[in-house]
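# A closer look at the structure
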Amino acid sequence: LAGGSARYVIGAKTFTEQYVLSALISDRLQAAGLSAATRAGLGSSVIYGALRNGDIDLYVEYSGTLWANQFHHNEQLPRAALLEALKQDLAKDKVTLLGELGFENAYALVMPRKKAEALGIRSIEDLARHTAQMSIAGDYEFFSRPEWAALRDAYGLTFRAQRQMQPDFMYAAVASGEVDVIAGYTSDGLIAKYDLVVLGDPKQAIPPYDAILLLSPRRADDRALQDALRPLLGRIDIATMQQANLRASGSDAESSPRAVARWLWSKISK
Ligand code: PBE
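Overview of the structure. (Residues numbered from 1 in each chain as written. Predicted model: local features only at pLDDT ≥ 70, side-chain atom pairs only at ≥ 80, totals over all residues. Heavy atoms only, no water.)

### Quick word on the packing of helix α1 (residues 16-31) against helix α12 (residues 257-268)
Across the interface, α1 lies against α12 with an axial gap of 8 Å and an inter-helix angle of 65 degrees. By the angle between their axes, α1 is roughly perpendicular relative to α12. The two elements α1 and α12 meet at a crossing, and its hand is right-handed. Residues Y19, V20, L21, A23, L24, S26, D27 and R28 of α1 form the contact with α12, whose own contacting residues are P257, R258, V260, A261, R262, L264 and W265. A per-class count over the contact of α1 with α12 returns ten nonpolar, one polar and four charged. (Axes fitted to C-alpha atoms, helices over the stretch in contact; angles between N-to-C directions. Helix = DSSP H or I, 4+ residues; strand = E, 2+ residues; numbered from the N terminus. Parallel < 35°, antiparallel > 145°, perpendicular 65-115°, else oblique. Left-handed = near helix turned anticlockwise from the far one by under 90°. Contact = heavy atoms within 4.5 Å. Nonpolar A, V, L, I, M, F, W, Y, C, P; charged D, E, K, R; others polar.)

### Observations concerning α1
With 16 residues, α1 ought to run about 22 Å at 1.5 Å a step, and its terminal C-alpha atoms sit 23 Å apart, in line with that. G33 sits one or two positions beyond α1 and adopts a positive phi of about 80 degrees. (Expected span 1.5 Å × (residues − 1).)

### A short note on the packing of aromatic side chains
By the definition in use, this model includes ten aromatic pairs. Geometrically, the ring pair formed by F143 and W148 is edge-to-face, given 5.3 Å between the ring centres and 90 degrees between the ring planes. For F143, a relative accessible area of 13% corresponds to the buried category. Chaining the aromatic ring pairs together yields one cluster made of F15, Y62, Y107, F142, F143, W148, F159, Y185 and Y209. (Phe/Tyr/Trp six-rings, centres within 6.5 Å; stacked < 30°, edge-to-face > 60°. Buried < 20%, exposed > 50% of the residue type's maximum accessible area, 1.4 Å probe, protein only.)

### What about the site of the ligand?
For the ligand, the full set of nearby residues is K13, F15, S44, Y62, T65, N105, Y107, R145, Y185 and Y209. Take K13: an N or O atom from its side chain is 3.0 Å from an oxygen atom of the ligand. Within the complex, the protein chains bury 100% of what would otherwise be the 280 Å² of accessible surface of the ligand. Within the shell around the ligand, the residues separate by chemical class into five nonpolar, three polar and two charged. (Near = heavy atom within 4 Å. Polar contact = N/O pair within 3.5 Å; in protein donor to acceptor, adjacent residues only side chain to side chain. Areas by Shrake-Rupley, 256 points an atom, 1.4 Å probe, with all protein chains shown as cover.)

### Some remarks on the sheet that holds strand β5 (residues 107-112)
The sheet built from five strands is open, its strands ordered β7-β6-β8-β5-β9 with mixed pairing. Across the chains shown, the open sheet's two edge strands, defined by having one partner strand only, are β7 (161-164) and β9 (196-198). Averaged over all pairs of adjacent strands, the angle between strand axes in this sheet comes to 30 degrees, irrespective of strand direction. Pairing of β5 with strand β8 (residues 181-185), which is carried by four bridges, proceeds in the antiparallel orientation. Looking across to β8, one finds that Y107 is bridged to Y185. Together, β5, β6 (135-138), β8 and β9 form the strand contacts of helix α8 (residues 167-175), whose direction differs from that of β8 by roughly 140 degrees. (Pairing = 2+ DSSP bridges.)

Structure, rendered in structure tokens:
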């Protein structure tokens, strides 16, 4: 969609959940009589800057992403404490954190359940003893992000091969044995569908990743916008988001981001 005459521009990153959530937001704005357009395909390294500059008006971010990548913190904090600390960073940029959607979408190391059981692997600590013989796949951002460096160094991970993949394809690749481990997303429904297991992170090297709604400085006092968005806050739990993402991974008409966004709204507005 072109941004031309629309009053509000919603930003979206480069994976399925973001297409669904931006469609959900767009529908909510339109239902409130506010015109909206979406600018998709903004990677994590540019989307926050676009919001701060006012090139986009709002988007869904994840707390740990900003914490590690934008504000360069390496301190480990629990979910609520990290959000509080993040608010201070955002306030300096005059960016509004309107609230949480209710679920986390964290990076997690994921592998087939059967293979993990056969090798006695339950945590990343267990995995570390095997990585010299293993390959790992991650999305196009993962291996250049500080979260990966922190994880690799905390556990001494030394994979023999490292591949970048479109996130939707990672699950089938690890299920079929094309790669041994993936850096998956915990809100993806495909983890359960392919009988994969999320490995524990006892050293808490991976931060919490609450999904949060951010508004540009220009929208800090925009009541109409904020009232339209408030019904989304705290309403999307992890099971519901996983179901939505699973629906969106299909290829029929019901799987389009807009169709899934409407399904999601029907679930959370009851
Ligand atoms: N995440 C996990 C990434 C992608 C998946 C939500 C933390 C991010 O967009 O920041």
